[in-house]
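Spelled out, the chains give:
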Amino acid sequence: MISEQIKSIKASLPEGVRLIAVSKFHPNEAILEAYEAGQRLFGENHVQELTAKHESLPADIEWHFIGHLQTNKVKYIAPFVSLIHGIDTPKLLKVVDKEGAKVGRVIPCLLQIHIATEETKFGFSREECLEMLSSGILSELQHVQICGLMGMATNTDDEVQIRKEFHTLRALFEELKETYFKDAPAFKELSMGMSDDYPIAIEEGSTLIRVGTKIFGERDYSKK
Ligand SMILES: *Cc1c(COP(=O)(O)O)cnc(C)c1O
């Protein structure tokens, strides 16, 4: 079941779009089944769960941190994380830089942009993002690399609205690519799209989709 889902989703992806299997709340056995099907990119949103899984699962898995990251927990994932999707404050970016320096790494990061109508979702507004970039902060930080943007659409059945939000994120991505990241070829990732909306996200230019439920089934939160 898991392996079939992995294969069918992967087969449907256009070139240039990569699948992150969001394995949060799912056990190692489920991850290994996806791994056996060839999946190597996995996403988690709790630091403790991620570090435990990283220690017990194959070393060639690329672990993506996709949730809200608390500054005091960065140190636990800094040695191995492949991409942090949720940079949502200048403070967090500075802490990631500091922890990257301690372990001798340049840590790949995405800036999370708030595109949904819900107030609960984290992320920079367009203005906050531009303000941070124009502050010159990036030139001071040698141990983070901004690889693109991440966003989550509103949780709604309204496809027109979802498309509009992804479109807005894509437009900001293109704008930044031509301005602040003109000389930064690493700025190329647009992380958008989950189980219910990834086909729309791909049409709007996503390069990284984050899919959990459609691969692993419903999450059992009662086990935590
Ligand atoms: C849980 C989660 C996903 C995956 O959601 P599904 O609907 O299960 O595909 C994607 N992105 C983020 C940030 C998440 O927290």
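Residues numbered from 1 in each chain as written. Predicted model: local features only at pLDDT ≥ 70, side-chain atom pairs only at ≥ 80, totals over all residues. Heavy atoms only, no water.

So, unusual backbone geometry
Phi is positive for F25, which is not a glycine, with a value near 70°. Examined against the element boundaries, F25 turns out to sit in the loop between β1 (18–22) and α2 (28–36). (Helix = DSSP H or I, 4+ residues; strand = E, 2+ residues; numbered from the N terminus.)

A closer look at helix α6 (residues 126–134)
Inspection of α6 places C129, M132 and L133 among the buried residues, and these make up the whole buried set. For α6, the angular spread of the buried residues around the axis is 95°, confining them to a single face. Of the exposed residues in α6, the ones pointing more than 90 degrees away from its buried face are E127 and E131. Against the buried residues of α6 lie α5 (90–102), β5 (107–113), α7 (137–140) and α8 (159–178). (Buried < 20%, exposed > 50% of the residue type's maximum accessible area, 1.4 Å probe, protein only. Arc of directions from axis to C-beta. Contact = heavy atoms within 4.5 Å.)

Concerning the packing of aromatic side chains
Working definition: an aromatic ring pair is given by the centre-to-centre distance plus the angle between the planes. For the structure shown, the criterion picks out 3 aromatic pairs. Consider the rings of F42 and W63, whose centres lie 5.9 Å apart with planes at 45°: the pair is tilted. Here F42, found in strand β2 (residues 41–44), pairs with W63, found in strand β3 (residues 62–65); they are 21 residues apart in sequence, far enough to count as distant. Residue F42 is classed as buried on the basis of its relative accessible area of 0%. A relative accessible area of 1% places W63 in the buried class. Over the face of the ring belonging to Y35 we find R40, whose NZ or CZ atom lies 3.6 Å from the ring centre. (Phe/Tyr/Trp six-rings, centres within 6.5 Å; stacked < 30°, edge-to-face > 60°. Lys NZ or Arg CZ within 6 Å of the ring centre and 35° of its normal.)

Focus: the environment of Y180
Within the secondary structure, Y180 sits in the loop between α8 and β7 (189–191). What makes Y180 partly exposed here is its relative accessible area of 40%. The spatial distance from the C-alpha of Y180 to the C-alpha of E218 is 40 Å, given a sequence separation of 38 residues. If sequence neighbours within four positions are ignored, Y180 has contacts with L130, L133 and S134.

Brief notes about the side chain of S195
With respect to the helices, strands and loops of the structure, S195 is situated in the loop between β7 and α9 (198–203). Given a relative accessible area of 16%, S195 falls into the buried group. A polar contact is formed between the side chain of S195 and the backbone nitrogen of K214, at a distance of 3.0 Å. In contact with S195, other than residues within four places in its own chain, are R210, V211, G212, T213 and K214. (Polar contact = N/O pair within 3.5 Å; in protein donor to acceptor, adjacent residues only side chain to side chain.)

Considerations on the side chain of K24
For K24, the location among the structural elements is in the loop between β1 and α2. E44 is the oppositely charged side chain nearest to the buried, salt-bridge-free K24, at an N-O distance of 8.4 Å. When residues no more than four places from it in sequence are discounted, the contact partners of K24 are G43, E44, N45, E49, K53 and R219. (Lys, Arg positive; Asp, Glu negative; His and termini not counted. Salt bridge = Lys/Arg side-chain N within 4 Å of Asp/Glu carboxyl O.)

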